Amino acid sequence: MATAKQGSKTVSKPPTGGTGAASAPGAPPAIPLASPLMGKKKKPFLGMPAPLGYVPGLGRGATGFTTRSDIGPARDANDPVDDRHAPPGKRTVGDQMKKSQEEDEEDLNDTNYDEFNGYAGSLFSSGPYEKDDEEADAIYAALDKRMDERRKERRELREKEEIEKYRMERPKIQQQFSDLKRKLSEVSEEEWLSIPEVGDARNKRQRNPRHEKLTPVPDSFFSKHLQTGENHTTVDPLYTQFQMVNYLGGLNTPYPGSMTPGLMTPGTGDLDMRKIGQARNTLMDMRLSQVSDSVSGQTVVDPKGYLTDLNSMIPTHGGDISDIKKARLLLKSVRETNPHHPPAWIASARLEEVTGKLQVARNLIMKGTEMCPKSEDVWLEAARLQPGDTAKAVVAQAVRHLPQSVRIYIRAAELETDVRAKKRVLRKALENVSKSVRLWKTAVELEEPEDARIMLSRAVECCPTSVELWLALARLETYENARRVLNKARENIPTDRHIWITAAKLEEANSNTQMVEKIIDRAITSLRANGVEINREQWIQDAEECDKAGSVATCQAVIRAVIGIGIEEEDRKHTWMEDADSCVAHGALECARAIYAHALQVFPSKKSVWLRAAYFEKNHGTRESLEALLQRAVAHCPKAEVLWLMGAKSKWLAGDVPAARSILALAFQANPNSEEIWLAAVKLESENNEYERARRLLAKARSSAPTARVFMKSVKLEWVLGNIEAAHDLCTEALKHYEDFPKLWMMRGQIEEQCENMDKAREAYNQGLKKCPHSVPLWLLLSRLEERVGQLTRARAILEKARLKNPQSPELWLESVRLEFRAGLKNIANTLMAKALQECPNSGILWAEAVFLEARPQRKTKSVDALKKCEHDPHVLLAVAKLFWSERKITKAREWFLRTVKIEPDLGDAWALFYKFEMQHGTEEQQEEVRKRCENAEPRHGELWCAESKHVLNWQKNIGEILTLVASRIKNTF
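Nothing here was measured: the structure is a model prediction, and the numbers come from that model. (Residues numbered from 1 in each chain as written. Predicted model: local features only at pLDDT ≥ 70, side-chain atom pairs only at ≥ 80, totals over all residues. Heavy atoms only, no water.)

Section: the pattern of salt bridges
Stage number 1. Within this structure, the stated rule accounts for 41 salt bridges.
Stage number 2. One salt bridge connects glutamate 938 with lysine 649, and the closest N-O pair in it is separated by 3.1 Å. Within this pair, whereas glutamate 938 is found in the loop between α50 (924–937) and α51 (943–949), its partner lysine 649 is found in helix α33 (residues 641–653), the two being separated by 289 residues in sequence.
Stage number 3. We classify glutamate 938 as partly exposed; its relative accessible area is 22%.
Stage number 4. The partner of aspartate 759 in a salt bridge is arginine 762, with the nearest N and O atoms 3.1 Å apart. Of the two residues, aspartate 759 and arginine 762 both sit in helix α40 (residues 758–771), 3 residues apart, roughly one turn of that helix.
Stage number 5. Three or more residues joined by partner-sharing salt bridges are found here, namely Arg350, Glu353, Glu381 and Arg384. (Salt bridge = Lys/Arg side-chain N within 4 Å of Asp/Glu carboxyl O. Helix = DSSP H or I, 4+ residues; strand = E, 2+ residues; numbered from the N terminus. Buried < 20%, exposed > 50% of the residue type's maximum accessible area, 1.4 Å probe, protein only.)

Here is the structure:
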């Protein structure tokens, strides 16, 4: 610019000398003439580029200064800065100047000092920077560089992983369309040119849409035009202006009868909506009749063909399209990198199969067979993907490449549909691979018994170490030949136990039981001699299999031989009992019986072993086996009262009362003055209506072995027989000796209640609570007595006092909740339940009650909470079963009832509810099954159960009668 200006000034100057004269004032400007002399006055540097390093104006000193126009106007300290988003403290010019001054000064305050790093800034930043400072900085920089290089590899690897993870989670649009961009190379020039330019091809109305104005039209408008027969599609503005109001009000009635009645209501001209609905139904019937058979009414749509069409559609796959494309690209890369890698071809084919491209999958796998002709898996995959006849050809080709492959021969046999063709394939396979046990087994399975025996004879020659082939041959041979086969098998395979066990089973099957024990003992000796470790668990499993196969003698011989192997002497009893329980759980009862028999031989004086064996016989054996075992038991353990009682009860249940009496007499001799035996004898007599003998026995027991239970049974006997006075006197006498026995106080109060002496009953309960303040049933009886006589406030106070005396008692809390609920105070009941669950969070009876205190929609949620707190509590399980029952989910309810009675078979309420449920929703067989299981379980507990079973009127009823009685009292109030 300076050059140009300078040139212009030079040109515009008037000439100062020579022939040119100055222009006169007022004269027009002189026009330069084009002459050859003008070119001589032009400077030689004009129009040429500036020399290197030229600065305009430098020669005149016109550089190195700034003017006000360059820096702008002066600013006040309170003026805002240019940055409108500056943080507080930097928003004015004065703030920034103050900040820069503070930065120049060193901050040596204690708050800026750190014990490890020193001051935050440099203490010597204002000092001179000398050579030693430069050396120190160089040393520190070298150290930093060295430390950075040590961490560089790990840092870069971590950064790379983070970037890859980020790119995988959030791929760029470029990556997502990379496969499509690659395909652009296949686009020809003509196709490219034929692509239309991007533009808005819509018309003007579509590009600039206006909101359509829609006005609702009344039905009267349509009815008017139907009458006149007009076909106009627009609304007359005069009609709209003057008459629409009347039609909207519906005050004008159209002229009747102006149209032939069709869809119009006769006589009125209105639309008949009923006929429109009928016409629609008629049309629907016509469409349905097109796909139904006119003769039988059955649908003519082929469901199999419909399903086939559905299967032919592309199946849904787990990943999206981009994942499939990535997998396809990756597998293509693997195939191209290593074309002789079989899994790559298999994976590629399966990917195409999953995405529905079956033909592409077949082409890929066939190419894989060309690249990997020695891969068994590739050939099998190819055979799987190909249709029937093509698959046979593929397998034939595979056999030519792999003549020793067993799996390909098996696949070839599977592809054949004719049995003879299968046999032919397998025999051809056995010619090439005669050592394959799998081929021999497959071939033998297709043969008849006689041909199979011949083939097995050849098979054991080719595969002499296969136990399965030897055993299969032994099963098909006669007794003598089978013995020879097994002896030969033992010679070839001296380390396998199954051959010995099969030999023992063979002898047992041919009634040669004396040889079974010898064979098993010889097996143990032989296997140990050949270095085989005797695994006790495996032998017990073999014994269980023998038991299930019916070989009882072999099973017992195996158990006797191995039961003591590898067990310490002090662990024998515990381990054997666990083994017996395991056998019972697996259904091997003879194994368990053999274990108990062996344990009783080793521990003849152990009462617990005899009891376990007796319970086993009671549950799984016969009455004769139980009684025989109990006779042996009482001979070895005469002081075990429970064994005597079990024997007497077994005789009594069988109807042999004299034998039961004789057993109890022997028990008296062995255990004189035993309370249990006295009471058992009394029960035996009272149940058989020998009341006088029972009274005499009780009197003798009170004199020779007086106990609280004996007195209680004496009172109970007189009470149930109706001798109230005698029962009262006996109760009074008993309380003189055993005033701290709560059941006597309960019986006294109940006797008074039965006689309608409420005051005496209340006095008896109060006296009992003074002696037995921790007896929860006594508190409950007193509370219910007050509630029965209408003293609700006193009953509530009694329960509160009981809870103070017996904290964390679920029964008392439950009674308090029910008391309020029975009184109709549901809000107070809910509040009490919440407090109860806070104090007793793991109480099953409280959670079970809480479920049904809720409204129906909330019961399911409450039951889930109950199961979380008390997962295995029978009351909670029973509540869940009732909940399903109330929702009519019969199958689920039955499952939960079964679970409840399995966990707690002693809960009578569960059995009663289960029986009631089956009476309503089950068959007679299911009802009878529940009844039998209940009688075997002999339940004794449960709120509803005890209320009936301990009632004086039901004292002679058996378990089945009480079950029916309790079930009849249950009401479906839930």
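Quick look at the packing of aromatic side chains
Stage number 1. Here the structure, examined in full by the defined rule, presents 9 aromatic pairs.
Stage number 2. Their ring planes at 10° and their centres at 5.4 Å tell us that phenylalanine 897 and phenylalanine 914 sit as a pair that is stacked. Note that phenylalanine 897 is positioned in helix α48 (residues 890–903) and phenylalanine 914 in helix α49 (residues 908–921), a separation of 17 residues in sequence.
Stage number 3. Its relative accessible area of 0% is what places phenylalanine 897 among the buried residues.
Stage number 4. One aromatic cluster is present, formed by Trp885, Phe897, Phe914 and Phe917 through successive ring pairs.
Stage number 5. Looking at arginine 335, its charged tip hangs above the ring of tryptophan 345, at a distance of 5.5 Å from the centre.
Stage number 6. Positioned over the ring face of phenylalanine 852 is lysine 882, at 4.9 Å from the centre of the ring. (Phe/Tyr/Trp six-rings, centres within 6.5 Å; stacked < 30°, edge-to-face > 60°. Lys NZ or Arg CZ within 6 Å of the ring centre and 35° of its normal.)

With respect to a positive patch on the surface
Stage number 1. On the surface, Arg146, Arg150, Arg151, Arg154 and Arg158 cluster together into a positively charged patch.
Stage number 2. In this structure, arginine 150 sits in helix α4 (residues 131–169). (Patch = residues over 30% accessible without salt bridge, like charges linked within 9 Å, V, L, I, M, F, W, Y side chains within 5 Å. Areas by Shrake-Rupley, 256 points an atom, 1.4 Å probe, with all protein chains shown as cover. Lys, Arg positive; Asp, Glu negative; His and termini not counted. Charge placed at Lys NZ, Arg CZ, Asp CG, Glu CD.)

Observations regarding the side chain of glutamine 386
Stage number 1. Tracing the sequence through the fold places glutamine 386 in the loop between α17 (376–385) and α18 (388–401).
Stage number 2. Those residues within four positions of glutamine 386 in sequence are excluded, and the remaining contacts are Arg362, Met366, Ala391 and Val394. (Contact = heavy atoms within 4.5 Å.)

With respect to the side chain of glutamate 752
Stage number 1. The residue glutamate 752 is located in helix α39 (residues 742–754) in this model.
Stage number 2. A distance of 2.8 Å separates the side chain of glutamate 752 from the side chain of histidine 728, its partner in a polar contact.
Stage number 3. With near-sequence residues (within four places) excluded, glutamate 752 lies in contact with His728, Asn757, Lys760 and Ala761. (Polar contact = N/O pair within 3.5 Å; in protein donor to acceptor, adjacent residues only side chain to side chain.)

A look at the environment of leucine 907
Stage number 1. Along the chain, the position of leucine 907 falls in the loop between α48 and α49.
Stage number 2. For leucine 907, a relative accessible area of 6% puts it in the buried group.
Stage number 3. Along the backbone, leucine 907 and glutamate 938 are 31 residues apart, and their C-alpha atoms lie at a distance of 9.2 Å.
Stage number 4. Not counting residues within four places of it along the chain, the set of residues in contact with leucine 907 comprises Pro874, His875, Pro939, His941 and Gly942.

Notes on the nonpolar core
Stage number 1. In this structure, Trp539, Ile559, Val562, Trp576 and Leu643 are the most contacted members of the largest nonpolar core, which totals 78 residues.
Stage number 2. When residues in this core are grouped by element, the largest group, 7 residues, is from helix α30 (residues 589–602).
Stage number 3. Contacts of tryptophan 576, omitting those with residues within four sequence positions, involve Arg536, Ile563, Gly564, Ile567, Ile595, His598, Ala599, Val602 and Phe603.
Stage number 4. Grouped together as the second largest cluster of nonpolar side chains are 37 residues, Ile346, Val378, Val433 and Leu439 included. (Core = buried A, V, L, I, M, F, W, Y, C linked by side-chain atoms within 4.5 Å.)

Details of the environment of phenylalanine 741
Stage number 1. Following the sequence through the fold, phenylalanine 741 ends up in the loop between α38 (724–737) and α39.
Stage number 2. In sequence terms phenylalanine 741 and serine 775 are 34 residues apart; their C-alpha atoms lie 9.5 Å from each other.
Stage number 3. When near neighbours in sequence (up to four residues on either side) are disregarded, phenylalanine 741 contacts Ala708, Met712 and Cys772.

Some thoughts on the state of the cysteines
Stage number 1. Within this structure, the stated rule accounts for 0 disulfides.
Stage number 2. In this structure cysteine 555 is a free cysteine whose sulfur lies 3.2 Å from that of cysteine 591, the closest cysteine sulfur available.
Stage number 3. Residue class for cysteine 555 comes out buried when judged on its relative accessible area of 0%. (Disulfide = S-S within 2.5 Å.)

Points about the packing of helix α41 (residues 776–788) against helix α43 (residues 810–822)
Stage number 1. Viewed as axis vectors pointing N to C, α41 and α43 meet at an angle of 10°, and their least axial separation amounts to 10 Å. Between α41 and α43, the crossing angle belongs to the class labelled roughly parallel. Here α41 contributes Val776, Trp779, Leu780, Arg784 and Glu787 to the contact with α43, which in turn contributes Glu811, Leu812, Glu815, Leu819 and Arg822.
Stage number 2. Here the residues of the contact of α41 with α43 sort into 5 nonpolar, no polar and 5 charged. (Axes fitted to C-alpha atoms, helices over the stretch in contact; angles between N-to-C directions. Parallel < 35°, antiparallel > 145°, perpendicular 65-115°, else oblique. Nonpolar A, V, L, I, M, F, W, Y, C, P; charged D, E, K, R; others polar.)

Considering the packing of α49 against α50
Stage number 1. Direction vectors running N to C along α49 and α50 enclose 165°, while the axes themselves pass 9 Å from each other. Classed by the angle they form, the pair α49 and α50 counts as roughly antiparallel. The two elements α49 and α50 meet at a crossing, and its hand is left-handed. Along its contact with α49, which presents Trp911, Phe914, Tyr915, Glu918 and Met919, the element α50 presents Gln926, Gln927, Val930, Arg931, Arg933, Cys934 and Ala937.
Stage number 2. Counted by class, the contact of α49 with α50 contains 7 nonpolar, 2 polar and 3 charged residues. (Left-handed = near helix turned anticlockwise from the far one by under 90°.)

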